[in-house]
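As a plain string of letters, each chain reads:
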Amino acid sequence: MQQRSISFLFFVFWLIFVPFQPLVAQKWYEEKAEKHNQNKAYVDVVAIYETLIQNGVTSEQILKKTADAYFFQGDYRSAYPKYKLLFRRYPNNLHEEHYLRYLHSLKSVNRYNEASNLLKQFKAKFPDELAQEDYTLHYLQKIEAKTEDYSIGVTAINSLEMDYAPSYYQNKIVFTSARDTGNFKKNRHQWDDSPFTQLYVAEMDKRTKELSQVKKFTNQLNTQVYHESSTCFTKDAKTVFFTRNAFINNERSTNIEGQQILKIYKASFVDGTWQNIEELPFNSNEFNTAHPTLSPDEDYLYFASDRPGGFGKADIWRVKLLEKDLFGEPENLGKPVNTSGTESFPFMAYNNILYFASNLHLGLGGLDLFAAEKQPDQSFAKITNLGAGINSKFDDFALIIDSSLTGFFSTNRSVGKYKRDNIYRIKQRYLPNFDDLLIKEIRVIDEENGENLAKVKLEIYNSSYQKIKLDSTDINGNVSLSEDKDVAKMYLRFIRENYEVKEIPILKSAFLQKDTLNVPL
């Protein structure tokens, strides 16, 4: 059980054992819960509203706020029964965000058929959303078909608290952690009862990419009472951009609604220390600016923000880095990257592929990881879900990857003793397919001895026997065949000297099957 203040424990005891008075107590409870809700103290919100629900008070607002409080903590499984009851009793007064949150909660408990039906209702009620999404054409099967695109493994640096948002720094990894440092003073965040985060650094083996030897990054950037997170470094390791709770004169800064604001800060490495810490000029005290990442040429800084002018709860933005530490005007990446949901934790890879997390683009639940293809005009025209090899029904976010096709990402999936955000190591086997075509793996073998056959010519015909593509097997007898969205049936002709020509049909449904197609000659 997480540590709580003594006063909070007495409060919970009082909630449970003092007889419930329907009229007076209910109003008092709701006022108390609303105050916690405004402060984003969702742990306390849940404690109060669950007491009301247990005593038979299940109004529309109480169900909404209870479900939302669970959702905002990332506890989608607990949110699910509350959203289910809400949709059953009050189906006519629900807004877009409730559909989306219920959708992700359904996926977290493997109710994909119900999620599919809810998605159709959502599309009918909010036709402007998901306009470019293939929500009717086996989207789940397409995500599952990418199971082999990534291999993943837990790193050795994780703690029982939150560990997330890795970034490259020289031959090390800097990451965010809420691990208990053993200090006498233990600050905890009211959102989900977790400690405030600080920056840590781990050594990274050049060959295996294993992480070890964790320690505090630097006291010059870490504070004792505020969140620090989400860093990115210039290639010369002399400049860092990082996220921090805004504060003025050592006091936490809040917006007019009393909510704490995140801002991006910058620091310079001078004479062996991090100095000249300053916030960036496009921050504001009225909206969040967070999770910075640099483009490979270091011409642009990408970040997430809920500033005005966006499409949803949070969008991906970028700003031009000018001379003399000046910045251009923030620019929203627009659609199809951004939606009316949350897009966050951007990362610009070595090959100018943008990786980011979203809870609205079609996925498996919670935040899923996506990639966007950069065009010559600097826009992003296509996106794709990274697939079930890396995504889960929980939150998956904050991916980084280098030219060796190895990297790291964050997830709150439960593995053994780890129940919070943790950092996983990844190996990318296939680059993102922005045409989002299903792939069928084919292996051609000798019919008599079973040996793999290299350099087998493959001719591909459509249903009218028009040749549409040529290919050949590699040294291991393998060839990958991409589906054609406009062709329901194709014919494959295999040709190799001293072997009989073989022709087989392949239906569109075959691409949904994960097994390799063996073709004997």
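In this text the structure is predicted, and so the values were computed from the model without any measurement.

K.L.:
Please provide a residue-by-residue account of the sheet that holds strand 13 (residues 273-279), values included.
P.N.:
Judged by pairing direction, the sheet is antiparallel, and its four strands sit side by side in the order 8-9-12-13 without closing on themselves. Strands at the two margins of the open sheet, each flanked by one partner only, are strand 8 (228-233) and strand 13. The mean angle between the axes of side-by-side strands here comes to 30°, regardless of whether they run parallel or antiparallel. In this sheet, strand 13 lies alongside strand 12 (residues 262-270) in antiparallel orientation, the contact comprising five bridges. For tyrosine 265, the partnering residue across the bridge sits in strand 13 and is glutamate 279.

K.L.:
Can you lay out the packing of aromatic side chains for me, pointing to particular residues and giving the numbers?
P.N.:
Evaluation of the coordinates by the stated rule reveals 25 aromatic pairs. Seen from their ring centres, phenylalanine 409 and tyrosine 424 are 5.7 Å apart, and the 40° between their planes marks the pair as tilted. Of this pair, phenylalanine 409 sits in strand 23 (residues 406-411) while tyrosine 424 sits in strand 24 (residues 422-428), placing them 15 residues apart in sequence. Comparing phenylalanine 409 with tyrosine 424, the two get one shared label, buried.

K.L.:
Go over the nonpolar core, please, and point to the residues and values.
P.N.:
Ranked by internal contacts, the top residues of the largest apolar core, which has 40 residues, are Tyr83, Tyr99, Tyr102 and Leu118. Counting residues per element, the ones that place at least two in this core are helix 3 (42-54), helix 4 (60-72), helix 5 (76-89), helix 6 (96-108), helix 7 (112-125) and helix 8 (139-144). Leaving out residues up to four positions away in the same chain, tyrosine 83 has contacts with Ala67, Asp68, Phe71, Arg101, Tyr102 and Ser105. Formed by 25 residues, the second largest nonpolar core is a distinct cluster that contains Tyr200, Ile353, Phe408 and Ile423.

K.L.:
Tell me about the pairing of strand 21 (residues 380-385), and name the residues and values.
P.N.:
Strand direction decides the pairing type here: strand 20 (residues 368-374) and strand 21, joined by five bridges, are antiparallel. Directly across from phenylalanine 370, in strand 21, lies its bridge partner asparagine 385. Linking strand 20 back to strand 21 in an antiparallel pair, the connection comprises five residues, with glutamine 378 at a positive phi of about 80°.

K.L.:
Describe the sheet that holds strand 19 (residues 353-358), and please don't skip the residues or the numbers.
P.N.:
Taken together, four strands build an open sheet; the order of strands is 18-19-20-21 and the sheet is antiparallel. A single partner strand is all that each edge strand has here, and the edge strands are strand 18 (343-348) and strand 21. Across the sheet, the mean angle separating the axes of adjacent strands is 25° when strand polarity is ignored. Bridging between strand 19 and strand 20 involves six bridges; their strand directions are antiparallel. Looking at strand 20, one finds that isoleucine 353 is bridged to glutamate 373.

Rules used throughout
- Residues numbered from 1 in each chain as written.
- Predicted model: local features only at pLDDT ≥ 70, side-chain atom pairs only at ≥ 80, totals over all residues.
- Heavy atoms only, no water.
- Pairing = 2+ DSSP bridges.
- Helix = DSSP H or I, 4+ residues; strand = E, 2+ residues; numbered from the N terminus.
- Axes fitted to C-alpha atoms, helices over the stretch in contact; angles between N-to-C directions.
- Phe/Tyr/Trp six-rings, centres within 6.5 Å; stacked < 30°, edge-to-face > 60°.
- Buried < 20%, exposed > 50% of the residue type's maximum accessible area, 1.4 Å probe, protein only.
- Core = buried A, V, L, I, M, F, W, Y, C linked by side-chain atoms within 4.5 Å.
- Contact = heavy atoms within 4.5 Å.

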